[in-house]
Amino acid sequence: MVVTARREASLAEMRPALRAIGFAIPIEHRLAPTQVGSDAAVAALPATSEVVNATGLGKDRPGLPLTDACHWPARGLTWEFSYHGELAFVDQARAVAAAHSLTVHDGWVCFIHGPARVIAKVFDVDIPMSGLAFDAHSRIAIHATS
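Residues numbered from 1 in each chain as written. Predicted model: local features only at pLDDT ≥ 70, side-chain atom pairs only at ≥ 80, totals over all residues. Heavy atoms only, no water.

Q: What is the right way to look at the pattern of salt bridges in this model?
A: Side chains that carry opposite charge are capable of pairing whenever their charged atoms lie near each other. A complete count under the given rule lists two salt bridges for this structure. Among the salt bridges present, the one from Glu8 reaches Arg15, with a minimum N-O distance of 3.2 Å. Exposure remark for Arg15: the relative accessible area of 27% places this residue in the partly exposed category. With a shortest N-O distance of 2.7 Å, Arg30 and Glu28 are connected by a salt bridge. Given the relative accessible area of 24%, Arg30 is considered partly exposed. (Salt bridge = Lys/Arg side-chain N within 4 Å of Asp/Glu carboxyl O. Buried < 20%, exposed > 50% of the residue type's maximum accessible area, 1.4 Å probe, protein only.)

Q: Just checking my understanding: could you explain the layout of surface pockets for this structure?
A: Picture a little ball the size of a water molecule; that probe, rolled over the atoms, points out where space is still empty. The calculated volume of the largest pocket comes to roughly 800 Å³. What lines the largest pocket is a set of 27 residues, and nearest its centre among them are Val2, Val3, Thr4, Val52 and Ala54. Going through the elements one at a time, β1 (2-5), α1 (8-20), α2 (35-43) and β3 (50-53) are the ones with two or more residues in the lining of the largest pocket. In the lining of the largest pocket, the residues fall into 19 nonpolar, five polar and three charged. As a volume, the second largest pocket reaches approximately 170 Å³. Lining the second largest pocket are eleven residues, and of these Ile112, Pro115, Ala116, Ile119 and His137 sit closest to its centre. Elements with a minimum of two residues in the lining of the second largest pocket: α4 (108-123) and α5 (132-145). Residue composition of the lining of the second largest pocket, by class: eight nonpolar, three polar and no charged. (1 Å grid on protein atoms, 1.4 Å probe; cavity = no way out; pocket = protein on both sides within 12 Å on 5 of 7 lines; lining within 4 Å. Points joined across faces, edges and corners; volume = space filled by probe spheres on them. Helix = DSSP H or I, 4+ residues; strand = E, 2+ residues; numbered from the N terminus. Nonpolar A, V, L, I, M, F, W, Y, C, P; charged D, E, K, R; others polar.)

Listed below in structure tokens is the structure:
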């Protein structure tokens, strides 16, 4: 796993937290203070890699972690943690998805999954996590958060 951050302090905060929880996957921490640095980290990934935007850019503040010139991993997967806001990363990935055979996911399903599991447990009801019923619940949630 390669983790990038714009500030060394962010990487320094992450290291002991990952050690404390016993995170066993080897991690390369890479300082990437600019979009060009993030582009370089993505371009170095092998085919079929997953690229995740967990920056908050597009949700907490405007912008993108990558430039439009970024070379994405062939047959890779992209995942945006954000579920609202401009979703510029999702749009950026979708714009090059066909050229790189990317699979693009936004963060909505992951966002709605957590509350749905809690509601199912608390009220002892079955809430499916995919299919027509899940899609209906998702539409209700989208409408409620719009």
